[in-house]
Amino acid sequence: MSVATLTEIEQLIQDVQSFSPDADASLIRLAYDFSATAHAGQIRRSGEPYLQHPLAVAGILSFLKLDVTAIVAGLLHDTVEDTVATQEELEKKFGKDVARLVDGVTKIGKIPFKSYEEKQAENFRKMVLSMADDIRVVFIKLADRLHNMRTLEHLEETKQKQIAQETIEIYAPLANRLGMSWMKQELEDLCLQYLNPDAYAMLKLRVAKRDEERYQYIESVIAIACETLQKAGLSGEVKGRPKHLFGVHQKMERQGISFEEVYDLTAIRIITDTKLNCYAILGLIHSIWPPVPGRFKDYIATPRSNLYQSLHTTVLGPQGEHVEFQIRTAQMHRIAEYGVAAHWRYKEDGAITDRDEKVFSWLRQFVEWHKDLSDNRQFMDSVKLDLFHLDLFHDVVFAFTPKGEVKELPAGSTPVDFAYAIHTEVGHHCLGAKVNGKIVSLRYHLNSGDTVEVISSANQVPHKGWLKFVRTTRAKARIKHWLKGEEQKQGLELGRRLLEQEFRRHHLSSAQLFKSNELARVAQEFGVETVEELIRMVGYGRLPAMQVVTKLLPAQHSEPGKDESISEVLLLKPQPALLEAKAVKVKGSGDVLMQISKCCHPIPGDRIMGYITRGRGLTIHSVTCPNWEALDYEKERLVEVEWETDIQGTHAVRISVVAMNQTGVLAKVSSAISSCQANISRAEITTRDDGKAVLDFVVDIANTLHLDRMLQAIERVDGVTTATRRRGWQGSR
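The sections below set out a description of the structure shown in this document. (Residues numbered from 1 in each chain as written. Predicted model: local features only at pLDDT ≥ 70, side-chain atom pairs only at ≥ 80, totals over all residues. Heavy atoms only, no water.)

1. Comments concerning the overall build of the protein
Selection criterion: The numbering of helices and of strands both runs from the N terminus, where a helix is a DSSP run of H or I of at least 4 residues and a strand a run of E of at least 2. Whether a residue is buried, partly exposed or exposed follows from its accessible area with a 1.4 Å probe, protein chains only, as a fraction of its type maximum: under 20%, in between, or over 50%, in that order. Note on contacts: a residue pair qualifies if any of its non-hydrogen atoms lie within 4.5 Å across the two residues. For accessible areas, the Shrake-Rupley method is used with a probe of radius 1.4 Å. Any residue's cover is judged against the shown protein chains and nothing else.
Across its full length, the protein holds 29 helices and 20 strands. Put simply, the protein has 733 residues, and 51% of those count as buried. Pairs at least 24 residues apart make up 66% of the contacts formed inside the protein by residues separated by at least 6 positions. For the protein, the accessible surface area stands at approximately 35100 Å², while carbon and sulfur atoms represent 51% of it.

Next up, the structure:
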């Protein structure tokens, strides 16, 4: 055991005792020794001993000022998953609390999964259910992910991108949901570094240069603010706050602007002592510089659902530049940085108590919303959308129940969204609503301050049309879940009727067959797990009833020519398809009628899925298709497809380039496209009032890698702001 390592564990104990003087140092040392023995001989990809990872995780938990139990679990979090240590052994040595926390963050290892996505879903589902019992589970998991992201450079590129993508979709939004802004920002910047290294390097260099250029300006604004506070007799610490790189990148992408057009790269934060002084300082700032209309947010009176409180205002500062101010108390700042970790109280094994109901209301709802989503893809899609809620919807409204309970909803939300925010059953039976005492449409857009009374009826049920106007992820997930359940019932009923008809035609007893094991045998032959699923396949039209009967009848009694195809929907003989469709194959199947969808028209390299239409065969969609949401709840119609490995020819893709309207730009862009061995088959140019030109091209490319390389080449052209792929039209050559 090296002196350096001993120093690290002693430093950890010292850090813990600095905020918890009564912390049991002997238990931390015992956990360290156990982890060192269990991981002995294991080396990380970086070449350092594996023990450095659990030490780093425990250090992050100490930075969050968590208790000894959580820190001990951090030291032990990989022992069950990666060593011969057992759950029973941990419970015997460290107690039930530690063993339960370690189990909560341990991945599901010995179960065979069909895909990485299925494994990801089950592991995250386990963590969600575990963190409902003990919030410390998610702190340990986030600390584990943060250190893995900090050391990601030692993995191969494919693995780097896979982990970074999972982090940007799940763990960074989760940290944001829990109010841990510093962790969210660090995770996002690390993800940008691996998912878009060129953009990361460019922003890192340009932001540093811009900060250097604007240093004197920011310092002068801070000096004026400090002097004004001092004259008014108000206490407050004033300092600049640079924006993280991912935030700048997001703004450029969202608004379609260049780096030079991002003006508020630095905000000014004022930390004061009382809530009253926050508002007094706000008035002082507005007395010096005029506020920009529509840029004031009061998150003190109406806190965000992740506990965040602060006053935000943007003013016209010196020389007419926009300057953003954030004003909050020291306590608000602590919660803004550490979120739930700064706020929580653990009683009875870390369980969430009634006293903390307001603080953890979102977490309780989150677990409730997703625990009964059995389909893995639907579960992960719902989780990702819900976690992204705070990032996707920058503008929110605060509406009230008649009893004064506030509900935070994204701008554009409707009474149906509000009903589902109260309870799933309230949403399912929402017939109408009164807003501020007046009857309104279900499509009505709520405003901040509205008091909403939901009108319910036992006879009212959700319908597909609601998906077109609801805004919240919860409402969408609940509606889709109900619709899917109803379709499964209908599919089961229809499938049973079709089979009964076919059984009668062949003089077979329906009652006996449905009770016998014969249908279970047939189900296995068709690759489905249960008889119920087999019946639903018949009801959905994916499997003809005659094929089921053929499997039940003796070979000599089966009707010739009836067992030809996978399903009645795909029974048609292969027809000459579009050229792109020839590049696609159905997993586990041969000739199938298929066509590329016109709404998103995927190209080789896009992630794709097949959707069985009635009578028109298989339609191939990109998984990012704008119409995917409408198809999403009909999961029984989805078929796994993949691109052929040897794809010939090119595919026409529409791209849109935004550039400065100046001489020579079109020629430079055309040259960049040609340099990537891509052919321009059509071009259209329009100019905008802001002095920019929009260049729309139809370009022949081979696949998404070819497309990405070409778009990057275009964006390197001087004067070009953005170059993006446009969905909705493509052809092939």
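2. Points about the sheet that holds strand β13 (residues 608-612)
Within a beta sheet, neighbouring strands are joined by backbone hydrogen bonds and run either parallel or antiparallel to one another. Threshold: Strands are labelled as partners when DSSP assigns at least two bridges between them.
In space, the four strands of this open sheet follow the order β12-β14-β13-β15, with mixed pairing throughout. Two strands bound the open sheet, and with one partner strand each, they are β12 (594-596) and β15 (638-639). Across two bridges, β13 lies against β15 in antiparallel orientation. If you follow G610 over to β15, its bridge partner there is V639.

3. Some points on the sheet that holds strand β8 (residues 430-435)
Defined as follows: With axes taken as lines fitted to C-alpha atoms, and helix axes fitted only over the stretch in contact, angles between N-to-C directions fall between 0 and 180 degrees.
The strand order β9-β8-β10 describes an open sheet built from three strands, whose pairing is antiparallel. Either end of the sheet is taken by a strand with one partner, and the two such strands are β9 (438-440) and β10 (452-456). Along the sheet, successive strands turn relative to each other by an average axial angle of 35°, direction set aside. On top of the sheet, helix α20 (residues 415-422) reaches β8, β9 and β10; it is set at about 85° to β10, its chief contact.

4. Side note on the packing of aromatic side chains
Selection rule: Only rings of Phe, Tyr and Trp enter the pairing, Trp through its six-membered ring, and a pair is recorded when the two centres are within 6.5 Å. The plane angle decides the type: under 30 degrees is stacked, over 60 is edge-to-face, the rest tilted.
With the rule as written, the count across this model stands at five aromatic pairs. Between F63 and W182, the aromatic rings sit 5.1 Å apart at their centres with planes inclined by 80°, giving edge-to-face as the arrangement. Residue F63 is located in helix α3 (residues 52-63), and its partner W182 is located in helix α11 (residues 181-195); the two are separated by 119 residues in the primary sequence. Summarising the aromatic geometry, the rings of Y299 and Y308 are spaced 6.0 Å apart at their centres and angled 65° between planes, so their arrangement reads as edge-to-face.

5. Side note on helix α6 (residues 87-94)
Side chains of residues three or four places apart in an α-helix project in the same direction, reflecting 3.6 residues per turn. Heads up, the rule is: Throughout, the arc means that of the directions going from the helix axis to the C-beta atoms.
Of the residues making up α6, those classed as buried are Q87, L90 and F94. Seen from one end, α6 has its buried residues packed into an arc of 60°, which puts them on one side. Across from the buried face of α6, at angles greater than 90 degrees, the exposed residues are E88 and K92. Where the residues of α6 are buried, they touch α2 (25-38), α4 (68-76), α5 (79-82) and α7 (96-105). Directly beyond the C-terminal end of α6, a positive phi value near 95° is found at G95.

6. Examining the pairing of β13
Along β13, five of the five residues are buried, which leaves the element largely enclosed by surrounding structure. Judged by which residues are buried, β13 turns out to be covered on both faces: I608, G610 and I612 on one side and M609 and Y611 on the other are all buried. Here β13 runs beside strand β14 (residues 618-622); their pairing, made up of five bridges, is antiparallel. Paired with G610 across the strands is I620, a residue of β14.

7. What about the pattern of salt bridges?
Oppositely charged side chains are able to pair whenever their charged atoms sit close together. Note the threshold: Salt bridges are defined as contacts in which a side-chain nitrogen from Lys or Arg sits within 4 Å of a carboxyl oxygen from Asp or Glu.
The final tally for this structure, using the stated rule, is 17 salt bridges. Close ionic contact of E227 with K231 constitutes a salt bridge, the shortest N to O distance being 3.3 Å. Pair noted here: E227 and K231 are both in helix α12 (residues 197-232), with a separation of four residues, about one helical turn. The exposure class of K231 is exposed, given its relative accessible area of 68%. Across the salt bridge formed by R726 and D696, the nearest N and O atoms sit 3.5 Å from each other. Of this pair, R726 sits in strand β20 (residues 720-732) while D696 sits in strand β19 (residues 692-701); the two residues are 30 residues apart in sequence, bridging distant segments of the chain.

8. Focus: the side chain of T314
Heads up, the condition is: In the analysis that follows, any N or O atom pair within 3.5 Å is treated as a polar contact, provided that within protein one partner can donate a hydrogen and the other can accept it, and provided that, for residues neighboring in sequence, both atoms belong to side chains.
As for its placement among the helices and strands, T314 is situated in strand β4 (residues 311-316). Taking relative accessible area as the criterion, T314 reaches 4% and is therefore assigned buried. Of note is the side chain of T314, whose polar atom sits 3.4 Å from the side chain of R295. The contact partners of T314, leaving out residues within four places of it in the chain, are P291, V292, R295, H322, V323 and E324.

9. Some thoughts on α3
Rules: Multiply 1.5 Å by the residue count of a helix minus one, and that product is the helix's expected span.
Here α3 is twelve residues long and its end C-alpha atoms lie 16 Å apart, about the 16 Å a rise of 1.5 Å per residue gives. Of all twelve residues in α3, nine are buried; the element is thus mostly enclosed.

10. A short note on the environment of K159
Among the secondary structure elements, K159 is positioned in helix α10 (residues 157-177). Take K159: its relative accessible area is 35%, and that puts it in the partly exposed class. Side-chain polar atoms of K159 contact the side chain of Q162, separated by 3.2 Å.

11. A short note on the environment of P415
Here P415 lies in helix α20. When the C-alpha atoms of P415 and V435 are compared, they prove to be 8.5 Å apart, with 20 residues separating the residues in sequence. Filtering out sequence-adjacent residues up to four positions away, P415 remains in contact with A433, V440, S441, L442, Y444 and L446.

12. What about the pairing of β8?
Relative to β10, β8 runs antiparallel, the two being bridged by five bridges. By the bridge assignment for β10, V435 is matched with V452. As paired strands, β8 and β9 are joined by three bridges and run antiparallel to one another. Counted as the bridge partner of V435 is K438 from β9. Hairpin geometry of β8 and β9 is characterised by an intervening segment of two residues between the two adjacent antiparallel strands and by a positive phi of about 55° at N436.

13. So, the packing of α2 against α6
In plain terms, the rule: Each angle is binned into one of four classes, with values under 35 degrees roughly parallel, values over 145 roughly antiparallel, values of 65 to 115 roughly perpendicular, and all other values oblique. Whether a crossing is left-handed or right-handed is set by the direction in which the near helix is turned from the far one by less than a right angle, anticlockwise for left-handed and clockwise for right-handed. Each residue gets one of three labels, nonpolar for Ala, Val, Leu, Ile, Met, Phe, Trp, Tyr, Cys and Pro, charged for Asp, Glu, Lys and Arg, and polar for the others, Gly among them.
Relative to each other, α2 and α6 sit at 155°, their axes nearing to 11 Å. The angle between the axes of α2 and α6 places the two elements in the roughly antiparallel class. Note that α2 runs across α6; the crossing there is right-handed. Contacts between α2 and α6 involve L27, L30, A31 and F34 from the former and E89, L90, K93 and F94 from the latter. When the residues that make up the contact of α2 with α6 are grouped by side-chain class, the tally is six nonpolar, no polar and two charged.

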